[in-house]
Amino acid sequence: MKQKIWYTYDDIHRVIRNLAAKIQASGMKYDAMIAIGGGGFIPARMLRCFLDIPIYAVTTAYYDSDDLGKVTEEVKKVQWLDPVPEVLKGKNVLVVDEVDDSRVTLEFCLTELAKEDFATIGIAVLHEKIKAKAGSIPAGMPYFSGITVEDLWINYPWDAEDIDEHNRLAAESST
Ligand code: G4P
Ligand code: MG
């Protein structure tokens, strides 16, 4: 079984602060965030405290698709900016997600968003997993990650049913 790691809300807050500092140091001025739900919602809200720009949202999910009897998983839209609001046209948008894992979801979202009339698209993720990537990010697209991590399974606090137990496991795994 894949090794696991637990992060607390405080751990995540510190990573977001680091992420915001990198975005600000780049000199790029983003007009809005586009959070990829569900994992990108809470990070985008925490990031807003530093960037002070509005949050828009899209949500994707993996579905089984049956292609000639062969079942594969593919990313589909649950909710989208359809149409993209007029105020975002010609603007710099920052796509926010919690984790850069296989990049399959990221590639899907970036491909769809690239069809729209934005000036530039950047990407911000909390955790950048160091691993081989199945999906890709367009060359030259601004990319920011709060921290790089090993290819472990991350347990996020917003998925915890018992936050005290989650925090205990986080304390244990960090020693
Ligand atoms: P990527 O493009 O951002 O790299 O995502 P990828 O398609 O590889 O990830 C598939 C789903 O698995 C995503 O959830 C992603 O958030 C989740 N995921 C990947 N690695 C981890 C991990 O270490 N821990 C946790 N908790 N989740 C991980 P999703 O389909 O977008 O669902 P949601 O939970 O964000 O709603
Ligand atoms: Mg996600």
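Residues numbered from 1 in each chain as written. Chains lettered and ligands numbered in written order. Predicted model: local features only at pLDDT ≥ 70, side-chain atom pairs only at ≥ 80, totals over all residues. Heavy atoms only, no water.

Moving on, we come to the side chain of Ser65. Structurally, the position occupied by Ser65 is in strand β3 (residues 55–67). Judged by relative accessible area, Ser65 falls into the buried class, the value being 13%. The residues contacting Ser65, other than those within four sequence positions of it, are Lys70, Val71, Thr72, Glu74 and Lys76. (Helix = DSSP H or I, 4+ residues; strand = E, 2+ residues; numbered from the N terminus. Buried < 20%, exposed > 50% of the residue type's maximum accessible area, 1.4 Å probe, protein only. Contact = heavy atoms within 4.5 Å.)

Our focus in this paragraph is the packing of aromatic side chains. The full count for this structure, using the stated rule, is 4 aromatic pairs. For the ring pair Trp80 and Phe108, a centre distance of 6.3 Å and an interplane angle of 80 degrees mean the geometry is edge-to-face. One end of the pair, Trp80, is in the loop between β4 (70–79) and β5 (92–100); the other, Phe108, is in helix α3 (residues 104–114), with 28 residues separating them in the sequence. Of the aromatic side chains, those joined through ring pairs into one cluster are Tyr9, Tyr156 and Trp158. Here the guanidinium or amino end of Arg103 rests over the ring plane of Tyr143, the centre of that ring lying 5.4 Å away. (Phe/Tyr/Trp six-rings, centres within 6.5 Å; stacked < 30°, edge-to-face > 60°. Lys NZ or Arg CZ within 6 Å of the ring centre and 35° of its normal.)

Cis geometry marks the peptide bond from Gly37 to Gly38, where omega comes out at -5 degrees. Relative to the elements of secondary structure, Gly38 occurs in the loop between β2 (32–37) and α2 (41–51). Looking along the chain, the bond that leaves Asp82 and enters Pro83 is cis, with omega of 5 degrees. One can find Pro83 in the loop between β4 and β5. In the Ramachandran plot, Asp52 falls in the positive-phi region, its phi being about 55 degrees despite a non-glycine side chain. Residue placement: Asp52 occurs in the loop between α2 and β3. For Asp52, a relative accessible area of 67% corresponds to the exposed category. The phi dihedral of Arg103 falls on the positive side, at around 75 degrees, and the residue is not glycine. Position of Arg103 relative to the elements: it lies in the loop between β5 and α3. When its relative accessible area of 18% is taken as the criterion, Arg103 is described as buried.

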